[in-house]
Amino acid sequence: MLIARLIADPVHLETRLDRATAALEREGMRVAVAQMLDFCSDVLEIGLPEGDAAALRAILDEHFTPADLLVSAREIAVPDLFVSDMDSTMIGQECIDELADFAGFKDRVAAITERAMQGELDFASALAERVGLLAGLSEETITTCLTERIRPMDGARTLVATLKAKGCRTVLVTGGFHHFADPVAEDIGFEQVVGNRLAVADGKLTGALAGAITDSSVKERVLREEAAKIGPDAISLAAGDGANDIPMLRAATWGLAYRAKPKARKAADGWIDRGDLTAVLELLGIPHEEWVSG
């Protein structure tokens, strides 16, 4: 069984569905049902008795883009665990790029960040290079940067508050820094934070990290460990946008790529390309009247 839920432009939706259905049938995948969800009327659910999930995603992408999509090999329900990346997923910025602007290196750092998120550079080496450029910056600058530059993504607070109200555990795991992630998590409502720590001496950044690096393997491990605490049947949802999120996205019951880089998008079970983060709630089938404002 395969289930696909998608949110797309309603204009010519029926025509595009007909074309997608024909394309699926050419690939040997028969559509058994296609209907709008009663409790989320802008969500189209497509059910197939069998088929290849990657092929289904590719065909729906071709016919409905831009869209928000989730493809599942099991019944879609509210997850027990939600683990999310921070930068460019739960917030609209890359913290290290914004902080580097205060040191006069934003363009240089942003270029490295982009290549790292595209999967073109080793994450640990790229992080060390960028952090090194921050040496000598006042720790107080982080507070200024956080206050002036860092903002939650639209829908982030509602997404987290609603999932928590449904009994879902929420964890923010980031290749960024606790200086930013701790206040961001408190603002959005996450219950736990895992991230990197900037080393500070005499009130200034040293250009190094304090402790081990939170990289892609740590993100995956956090998801697996948190799911194991809940139990063997725990349903997990992960969200991210960059190449360093791929192991976490693949390890989750459902991995969602939010406005993501191509490699992360390809590795995920679905993506949010059209709406804000509340689209996740719609894809999960949570009625609007049950959403909780964060």
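Everything quoted here is computed from the prediction, not taken from an experiment. (Residues numbered from 1 in each chain as written. Predicted model: local features only at pLDDT ≥ 70, side-chain atom pairs only at ≥ 80, totals over all residues. Heavy atoms only, no water.)

1. Topic: the pairing of strand β8 (residues 198-201)
Taken residue by residue, a regular strand's side chains alternate between the two faces of the sheet. Of the strand pairs in this sheet, β8 and strand β9 (residues 204-209) are connected by three bridges, and their pairing is antiparallel. If you follow V200 over to β9, its bridge partner there is L205. Hairpin connection between β8 and β9: a loop of two residues separates the two successive antiparallel strands, and D202 in this loop has a positive phi of roughly 55°. (Pairing = 2+ DSSP bridges. Helix = DSSP H or I, 4+ residues; strand = E, 2+ residues; numbered from the N terminus.)

2. With respect to the nonpolar core
F82, M90, L99 and F180 are the most contacted members of the largest nonpolar core, which totals 58 residues. For this core, the leading source of residues is helix α8 (residues 178-188), giving five residues. Each of domain 1 (1-76) and domain 2 (77-93 + 152-293) gives at least three residues to this core. Residues contacting F82, with those up to four places away along its chain left out, are M90, L159, V160, L163, C168, R169, T170, V171, F190, L237 and A239. Within the second largest apolar cluster, 44 residues are counted, among which are V31, A243, A257 and A268. (Core = buried A, V, L, I, M, F, W, Y, C linked by side-chain atoms within 4.5 Å. Buried < 20%, exposed > 50% of the residue type's maximum accessible area, 1.4 Å probe, protein only. Domains from an automatic or database assignment. Contact = heavy atoms within 4.5 Å.)

3. What about the sheet that holds strand β7 (residues 192-196)?
If you trace the 10 strands from one edge of the open sheet to the other, you get β2-β3-β1-β4-β12-β11-β10-β5-β6-β7, paired in mixed fashion. The open sheet has two free edges, formed respectively by β2 (33-36) and β7, since each of these has just one partner strand. Along the sheet, successive strands turn relative to each other by an average axial angle of 20°, direction set aside. As paired elements, strand β6 (residues 169-177) and β7 share four bridges and run parallel to each other. Residue pairing across strands places V173 opposite V194, the latter belonging to β7. Its contacts with the sheet place α8 against β6 and β7, and it is angled at close to 155° to β6. (Axes fitted to C-alpha atoms, helices over the stretch in contact; angles between N-to-C directions.)

4. Some remarks on the side chain of E226
As for its placement among the helices and strands, E226 is situated in helix α9 (residues 216-230). Side chain to side chain, E226 and R169 meet in a polar contact 2.8 Å long. With residues up to four places along the chain from it excluded, the contact list for E226 reads L81, R169, V171 and Q192. (Polar contact = N/O pair within 3.5 Å; in protein donor to acceptor, adjacent residues only side chain to side chain.)

5. Structural notes on the packing of aromatic side chains
For the structure on display, the rule yields one aromatic pair. For the ring pair F82 and F190, a centre distance of 6.1 Å and an interplane angle of 25° mean the geometry is stacked. Separated by 108 residues along the polypeptide, F82 in strand β5 (residues 81-84) and F190 in the loop between α8 and β7 bring together distant segments of the chain. Classification of F82 by relative accessible area gives buried; the value is 1%. For F190, a relative accessible area of 8% puts it in the buried group. The residue whose ring lies beneath R265 is W271, and the NZ or CZ to ring-centre distance is 3.9 Å. (Phe/Tyr/Trp six-rings, centres within 6.5 Å; stacked < 30°, edge-to-face > 60°. Lys NZ or Arg CZ within 6 Å of the ring centre and 35° of its normal.)

6. Some thoughts on helix α1 (residues 13-26)
Taking 1.5 Å of rise per residue, 14 residues should cover 20 Å, and α1 covers 20 Å from first to last C-alpha, within 8% of that figure. Within α1, burial applies to L13, R16, L17, A20, T21, A23 and L24. Each buried residue of α1 sits inside an arc of 165° when the element is viewed along its axis, so together they form one side. Away from its buried face by more than 90 degrees, α1 exposes E14, R19 and R26. Immediately downstream of α1, the backbone of G28 shows phi near 80°, a positive value. (Expected span 1.5 Å × (residues − 1). Arc of directions from axis to C-beta.)

7. Details of the UniProt feature "active site" (unreviewed entry) in the protein
As annotated by UniProt and renumbered to match this structure, "active site" (unreviewed entry) occupies D85 and D87. In this structure, the largest cavity is lined, among the annotated residues mentioned, by D85 and D87. Structurally, D85 is set in the loop between β5 and α3 (95-103). According to the relative accessible area criterion, D85 is buried, its value standing at 5%. Excluding anything up to four places from it in sequence, D85 contacts M90, L172, V173, T174, K219, A239, G240, D241, D245 and M248. Engagement of the side chain of D85 in a polar contact is seen with the side chain of T89, the distance being 3.0 Å. Within the secondary structure layout, D87 lies in the loop between β5 and α3. (UniProt positions renumbered as here; feature names shortened; annotations may be inferred. 1 Å grid on protein atoms, 1.4 Å probe; cavity = no way out; pocket = protein on both sides within 12 Å on 5 of 7 lines; lining within 4 Å.)

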